[in-house]
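# Inside the fold
This is what each chain is made of:
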Amino acid sequence: MSILFYCNFSNKKQWLNSVKKKFSTNKIFTIKDKPDFLKIEYAIVWNLPDNIMKKLKNVKIIFSLGAGVDHIINLPSYNKTPIVRVKDINMAERMSYHVHSQILTYQLKLYLFQKAQIQKKWLGEQHTKLNRELTIGIIGLGFLGNHVGKYLSNLNYNVIGFKRENKNKESKIKIYTKKNLNKFLNLSDIVVSILPDTEKTKNFINKKFLSLMKKNSFLINIGRGSTLNEQDLLLHLNKNKSFHVSLDVFKIEPLPKKNKFWTHKNVIITPHAAALTDIDSSINHMFKRLKDYKKTGKIKSDVNLIKGY
Ligand code: OXD
């Protein structure tokens, strides 16, 4: 069984070694090995170039080395091969820590102290809200969004969610849908967006959306950069001095040096680092899915190509 491994992570050697160890009875190739691409049956990838995708004519499953699948389905040569994505509890747990850290930075006004320290200013005590006094609105309630929601509920924050349609009425989180986005944004002191990149989510967070948010609220974007209109956000920040954001994802990554977000005083930047893909648990997950496939001959793609995620 031949597997192609490709990623552009800085620790790609570590990934490759772990894949080789776990899938030790298989032939693992990288592009450098110049494999016969027609013999590749499975591909484990992150940001595979389209010219390689084009050559994978007989691939049966594509494994995404992350929760996102936009890097696969947006390739012109992708032709509906079933996709298995990372669905990892460790990733969800780390993402929850990240979101909580950003909430606390805002809630406890730590950003003010950080800035004051640079100017050697002693600000003294500031009034801060208790968890139960804050409503956190989560947009994008998939596996990760739900985990973050539960994590925050357990800490006594009021958590609400937004979905285009609410099919799963059983959720413990109160869900708002398209027709009451206004209400959802009106109630949220903090909005956490975990939206994937799809046709429908492009620039979803735009001028209108921002104008519906509370003037002194906080937006955390850990989904995809494409979901946020960066120009609209910049204008909104410049007009609303008490509006803050924490951005982990951007339209162009790494964020270009000339981008104004770098120096904006109400912007916190993290470098697409909100939820690390855990090597061992992700590879174990892929291994298990492949084993099930070999046993049953069936594989259910994790991606709904109509929804685009
Ligand atoms: C992912 C990511 O999709 O890190 O996993 O962006």
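Placed above this text is the structure.
What comes next is a walk through the structure.

Quick notes on the rules
Residues numbered from 1 in each chain as written. Predicted model: local features only at pLDDT ≥ 70, side-chain atom pairs only at ≥ 80, totals over all residues. Heavy atoms only, no water. Axes fitted to C-alpha atoms, helices over the stretch in contact; angles between N-to-C directions. Helix = DSSP H or I, 4+ residues; strand = E, 2+ residues; numbered from the N terminus. Parallel < 35°, antiparallel > 145°, perpendicular 65-115°, else oblique. Left-handed = near helix turned anticlockwise from the far one by under 90°. Contact = heavy atoms within 4.5 Å. Nonpolar A, V, L, I, M, F, W, Y, C, P; charged D, E, K, R; others polar. Buried < 20%, exposed > 50% of the residue type's maximum accessible area, 1.4 Å probe, protein only. Pairing = 2+ DSSP bridges. Right-handed = clockwise from strand over helix to strand, strands pointing away. Near = heavy atom within 4 Å. Polar contact = N/O pair within 3.5 Å; in protein donor to acceptor, adjacent residues only side chain to side chain. Areas by Shrake-Rupley, 256 points an atom, 1.4 Å probe, with all protein chains shown as cover. Phe/Tyr/Trp six-rings, centres within 6.5 Å; stacked < 30°, edge-to-face > 60°. Lys NZ or Arg CZ within 6 Å of the ring centre and 35° of its normal.

### Concerning the packing of helix 1 (residues 12–22) against helix 10 (residues 279–296)
Across the interface, helix 1 lies against helix 10 with an axial gap of 10 Å and an inter-helix angle of 40 degrees. What the angle tells us is that helix 1 and helix 10 run oblique. Note that helix 1 runs across helix 10; the crossing there is right-handed. In this structure, helix 1 contributes Gln14, Trp15, Ser18, Val19 and Lys22 to the contact, and helix 10 contributes Ile279, Ser282, Ile283, Asn284 and Phe287. Of the residues belonging to the contact of helix 1 with helix 10, the class tally is five nonpolar, four polar and one charged.

### Digging into the environment of Pro196
In this structure, Pro196 sits in the loop between strand 9 (190–193) and helix 8 (207–212). Residue Pro196 is classed as partly exposed on the basis of its relative accessible area, which comes to 24%. Along the backbone, Pro196 and Phe261 are 65 residues apart, and their C-alpha atoms lie at a distance of 22 Å. Once residues within four sequence positions are removed from consideration, Pro196 is found in contact with Thr201, Arg224, Thr227 and Tyr309.

### Regarding the pairing of strand 11 (residues 244–247)
The side-chain alternation of strand 11 yields two buried faces, one formed by His244 and Ser246 and the other by Val245 and Leu247. Sheet topology places strand 10 (residues 218–221) next to strand 11; four bridges connect them, and they run parallel. Pairing of Phe218 across the sheet is with His244, part of strand 11. In the classification by handedness, the crossover that spans strand 10, the intervening helix 9 (residues 230–239) and the parallel strand 11 is right-handed. Taken together, the three bridges between strand 11 and strand 12 (residues 267–269) define a ladder with parallel strand orientation. In the strand pairing of strand 12, Ser246 is matched with Ile268.

### Focus: the sheet that holds strand 4 (residues 61–64)
The strand order 2-1-3-4-5 describes an open sheet built from five strands, whose pairing is parallel. Because the sheet does not close on itself, it has two edges, and the strands there are strand 2 (27–29) and strand 5 (83–84). Both strand 1 (residues 2–6) and strand 2 contribute to a ladder of three bridges, which runs parallel. Bridged to Ser2 within strand 2 is Lys27. Packing against the sheet, helix 1 makes contact with strand 1, strand 2 and strand 3 (42–45), and its axis sits at approximately 165 degrees to strand 1.

### Focus: the site of the ligand
The environment of the ligand is made up of Trp46, Gly66, Ala67, Gly68, Met91, Arg224 and His272. In the model, an oxygen atom of the ligand is placed 2.6 Å from a nitrogen or oxygen of the Gly68 main chain. One of the side-chain N or O atoms of His272 is found 2.6 Å from an oxygen atom in the ligand. Contact with the protein chains covers 85% of the free accessible surface of the ligand, which is 210 Å². For the shell around the ligand, the residue count by class is three nonpolar, three polar and one charged.

### Here we look at the side chain of His147
Tracing the backbone shows His147 in helix 6 (residues 143–154). The class for His147 is buried, based on a relative accessible area of 18%. For His147, the residues in contact, after removing those within four places along its chain, are Ile89, Ala92, Glu93 and Ser96.

### So, the sheet that holds strand 11
Read across the open sheet, the seven strands follow the order 8-7-6-9-10-11-12; overall the sheet is parallel. The outermost strands of the open sheet, each flanked by one partner alone, are strand 8 (174–176) and strand 12. The average angle at which neighbouring strand axes cross in this sheet is 20 degrees, direction not considered. Running over the sheet, helix 4 (residues 89–107) touches strand 6 (135–139), strand 9, strand 10, strand 11 and strand 12 and is turned about 160 degrees from strand 10.

### Some details on the environment of Glu230
By the secondary structure assignment, Glu230 is in helix 9. By relative accessible area, Glu230 is classed as buried at 15%. Separated by 94 residues in sequence, Glu230 and Ile136 have C-alpha atoms that sit 22 Å apart. If near-sequence neighbours (up to four positions away) are discounted, Glu230 is found in contact with Phe250, Lys251, Asn259 and Phe261.

### Examining the environment of Lys202
Mapped onto the elements of the fold, Lys202 is located in the loop between strand 9 and helix 8. Taking C-alpha positions, Lys202 is 25 Å from Cys7, a pair spaced 195 residues apart along the chain. The contacts of Lys202, once residues within four sequence positions are left out, are Asp197, Ser226 and Thr227. Polar side-chain contacts of Lys202 include one of 3.0 Å to the side chain of Asp197.

### Some details on the packing of aromatic side chains
Per the stated rule, a full pass over the model turns up eleven aromatic pairs. Aromatic side chains Tyr106 and Tyr111 sit 6.5 Å apart centroid to centroid with 15 degrees between the ring planes, which places their arrangement in the stacked category. Both residues of the pair, Tyr106 and Tyr111, count as buried. The structure contains a cluster of three or more aromatic residues connected by ring pairs, namely Phe162, Tyr176, Phe184, Phe204 and Phe209. Taking the ring centre of Phe287 as reference, the NZ or CZ of Lys22 above it sits at 4.7 Å. Its end group placed over the ring of Tyr176, Lys174 keeps NZ or CZ at 4.8 Å from the ring centre.

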